[in-house]
Amino acid sequence: MQGKAIRDRLAERAQLPRAEGRIEAIDLARGVAIALMILSHAVSGLYGIRQLPDWGLVPVHLVTKFSSSLFIVVFGIALAVAFLPRVGEADWPRRRLRLMLRGLEVLFWYKVLTVVEMMAIFPREDILDALLYQRFPIWVEILGFYAIALLWLPWVLPLWCRLPLWSRLLLPVAIALAAGWLERHATFWGIEPLKALLVEDADHYTWGQLSRLPLVLLGLLVGEALLRGYWSAWRARLLLAIAGGGALMLLAFFSLAVAAPEASVHDALMAVARNAGKHPPELAFMLFSLGGALVILALCLQSGAAAARWLRPLTLIGSDALKAFIFHIVVIFGVFRFLLDAWRVYDYPQVLGIGVALVLATAGWIALTGWFREKRG
């Protein structure tokens, strides 16, 4: 009888209830991801990773490696919570269009911020190449991933809902393996930018649509579980499973580091802090980054609305991720790098302080513009 129940569960399709309210903890988790991203961008954009002292790499800069995985997973969670229960309804085409228009908006700002990032560093010819996808920026490239994903993922969500649970569970692993094989063996007809956009390339700092898709799908799975269990007695077990999964990934990372014949755990941590294995994604980096991301996600969800209130600046940042991204890139690269010519003008503690201040300033900017919008009616 129990075996039949498991088989029936694995055959279930994603017919989900609507959220019983806004999960502010999702905004908090997204805000944590962006805050870590702001710290990382401030340090690397004004000082440079290669110049960091060891204590700046481990532990300070090491912690920021959770941000990219957390940001992409939360992107998948938000899609699941806000849109999966609406798939198949009469107004789904309108919602799909809204997602795609959001993708075009993000794409516009990605191109604008590409110019902002590069104008103090590169000649006009290189900037034009980046705008035409002949090369890629660094600090704003995750926005490019987000924009392209929003243009095609809305068409995939109905298919995702029709898949049985067992295939939804296997699909992230299958796509990760396929993307890894394509990155190593496929030539993509010699079109390097195409390879970079799909599965990443060692010569370009890109976020591949296929290589990072497993993180989005993992977010969809977590979002499904939240819709089913966040407001029920299953909440504690669900959050324990998320935290436990993250802890197991971190344990696997440290196990690999201990087993390495010619390196120590400290060497492995330093390698991650220096972005070794980030682009294209490699096992050690992803175990560390995703493992930490899941632990942070579980802590945010466990703390719930109370933590979202106490950590209001982070929740504000997470509530308007695009505005937060625009603001901090303009300040770092438009104001400091371009107007003030502040490349390596400050020492590392000062740059770290600028990063922390910029997190608070970003939250203040979002609050201020929200207040203006509210007063205008």
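Residues numbered from 1 in each chain as written. Predicted model: local features only at pLDDT ≥ 70, side-chain atom pairs only at ≥ 80, totals over all residues. Heavy atoms only, no water.

The name that an unreviewed UniProt entry assigns to the protein is OpgC domain-containing protein, with the source organism given as Halomonas mongoliensis.

Enquirer: I tried to follow the overall build of the protein on my own but got confused; where do I start?
Expert: When you go through the protein residue by residue, the secondary structure sums to 16 helices and zero strands. For 377 residues, the compact-globule estimate of 2.2 N^0.38 gives 21 Å, and the C-alpha radius of gyration of the protein, at 21 Å, lies within 12% of that figure. In terms of its C-alpha atoms, the protein occupies a principal-axis envelope of roughly 70 × 65 × 45 Å. For the protein, with 377 residues in total, the buried portion stands at 52%. Considering only contacts within the protein whose residues lie at least 6 apart along the sequence, 81% involve residues at least 24 apart. Looking at the protein as shown, the accessible area adds up to about 18100 Å², and 66% of this sits on carbon and sulfur atoms. (Helix = DSSP H or I, 4+ residues; strand = E, 2+ residues; numbered from the N terminus. Rg over C-alpha atoms; globule rule 2.2 N^0.38 Å. Buried < 20%, exposed > 50% of the residue type's maximum accessible area, 1.4 Å probe, protein only. Contact = heavy atoms within 4.5 Å. Areas by Shrake-Rupley, 256 points an atom, 1.4 Å probe, with all protein chains shown as cover.)

Enquirer: Would you mind going over the packing of aromatic side chains with me for this structure?
Expert: In this description, a pair of aromatic rings is defined by centroid distance and the angle of the planes. If you walk through the whole model with that rule in mind, you get 16 aromatic pairs. Between Phe 75 and Tyr 146, the ring centres sit 4.8 Å apart and the planes meet at 90 degrees, which makes this aromatic pair edge-to-face. Remark: Tyr 146 occurs in helix α7 (residues 141–162) and Phe 75 occurs in helix α4 (residues 67–83); sequence separation between them is 71 residues. Among the residues examined, Phe 75 registers a relative accessible area of 8% and is labelled buried. Feature note: the residues Phe 66, Phe 253, Phe 254 and Phe 288 constitute an aromatic cluster, connected by ring pairs. A cation sits over an aromatic face here: Arg 96 above Trp 155, 4.1 Å from the ring centre. The residue whose ring lies beneath Arg 235 is Tyr 230, and the NZ or CZ to ring-centre distance is 4.2 Å. (Phe/Tyr/Trp six-rings, centres within 6.5 Å; stacked < 30°, edge-to-face > 60°. Lys NZ or Arg CZ within 6 Å of the ring centre and 35° of its normal.)

Enquirer: Sorry, what's going on with the side chain of Glu 200 here?
Expert: On the secondary structure map, Glu 200 appears in the loop between α9 (192–199) and α10 (209–229). Assessed through its relative accessible area of 0%, Glu 200 is described here as buried. At 2.6 Å, the side chain of Glu 200 and the side chain of Arg 212 are in polar contact. At 3.0 Å, the side chain of Glu 200 forms a polar contact with the side chain of His 279. (Polar contact = N/O pair within 3.5 Å; in protein donor to acceptor, adjacent residues only side chain to side chain.)

Enquirer: Would you take a moment to explain the layout of surface pockets for this structure?
Expert: Taking a probe equal in size to a water molecule and rolling it over the atoms shows the remaining empty space. Roughly 1400 Å³ of volume is contained in the largest pocket. What lines the largest pocket is a set of 41 residues, and nearest its centre among them are Leu 169, Pro 172, Leu 218, Leu 221 and Met 249. Looking at the lining of the largest pocket residue by residue, the class counts come to 27 nonpolar, five polar and nine charged. For the second largest pocket, the calculated volume is near 840 Å³. The leading source of residues in the lining of the second largest pocket is α4, at seven residues. (1 Å grid on protein atoms, 1.4 Å probe; cavity = no way out; pocket = protein on both sides within 12 Å on 5 of 7 lines; lining within 4 Å. Points joined across faces, edges and corners; volume = space filled by probe spheres on them. Nonpolar A, V, L, I, M, F, W, Y, C, P; charged D, E, K, R; others polar.)

Enquirer: Sorry, what's going on with α7 here?
Expert: Under the 1.5 Å per step criterion, the end-to-end length of α7 is 32 Å for 22 residues, consistent within 8% with the ideal 32 Å. The largest bend along α7 reaches roughly 45 degrees and is located at Leu 153, with the proline Pro 154 sitting one to four residues downstream. (Expected span 1.5 Å × (residues − 1). Bend = angle between axes of the 7 residues up to and from the residue.)

Enquirer: What's the story with the environment of Leu 143 in this structure? I'm lost.
Expert: Looking at the element boundaries, Leu 143 is found in helix α7. Between the C-alpha atom of Leu 143 and that of Ile 38, which follows or precedes it by 105 residues, the distance is 13 Å. Not counting the four nearest positions on each side in its chain, Leu 143 is found in contact with Val 106, Trp 109, Tyr 110, Leu 113, Leu 322 and Phe 325.

Enquirer: Which parts of the structure should I look at to understand empty space enclosed by the protein?
Expert: By the definition in use, this model includes one cavity of 30 Å³ or more. By volume, the largest cavity is sized at about 30 Å³. Lining the largest cavity are Ile 34, Phe 71, Leu 143, Tyr 146, Ala 321, Leu 322 and Phe 325. Broken down by secondary-structure element, the contributors of at least two residues to the lining of the largest cavity are α7 and α15 (321–339). The element that contributes the greatest number of residues to the lining of the largest cavity is α15, accounting for three residues. In terms of residue class, the lining of the largest cavity is built from seven nonpolar, no polar and no charged.

Enquirer: Help me out: how do you make sense of the environment of Pro 154 in this one?
Expert: Structurally, Pro 154 can be placed in helix α7. A C-alpha to C-alpha distance of 28 Å links Pro 154 and Gly 370, two positions 216 residues apart in sequence. Each residue touching Pro 154, except ones within four places of it in the same chain, is listed here: Trp 92, Arg 96, Leu 99, Met 100 and Ala 149.

Enquirer: Looking at this structure, I do not really get unusual backbone geometry. What am I missing?
Expert: For residues that are not glycine, phi is negative in most cases, and the peptide bond is trans in most cases. Of note, the bond from Val 58 into Pro 59 is cis; its omega dihedral lies within 30 degrees of zero at 15 degrees. In this chain, His 279 is followed by Pro 280 through a cis amide linkage whose omega measures -15 degrees. Note on placement: Pro 280 falls in the loop between α12 (265–273) and α13 (283–310). Even without being glycine, Tyr 133 reaches a positive phi, approximately 65 degrees. With respect to the element layout, Tyr 133 can be found in the loop between α6 (124–131) and α7. A positive phi angle, close to 55 degrees, is found at Phe 188, a residue other than glycine. Residue position: Phe 188 is located in the loop between α8 (165–185) and α9. A relative accessible area of 11% places Phe 188 in the buried class.

Enquirer: I keep staring at the pattern of salt bridges and nothing clicks. Help me out?
Expert: When the charged atoms of two side chains lie near each other, side chains of opposite charge can form a pair. By the definition in use, this model includes 10 salt bridges. Of the charged contacts, one joins Asp 91 and Arg 95 as a salt bridge, the two residues approaching to 3.0 Å between their closest N and O atoms. Of the residues examined, Asp 91 reaches a relative accessible area of 22% and is grouped as partly exposed. Assessed through its relative accessible area of 11%, Arg 95 is described here as buried. In this structure, Arg 212 and Glu 200 form a salt bridge, with 2.6 Å as the shortest nitrogen-oxygen distance. Of the two residues, Arg 212 sits in helix α10 while Glu 200 sits in the loop between α9 and α10, which places them 12 residues apart along the sequence. With respect to class, Arg 212 is no different from Glu 200; both count as buried. (Salt bridge = Lys/Arg side-chain N within 4 Å of Asp/Glu carboxyl O.)

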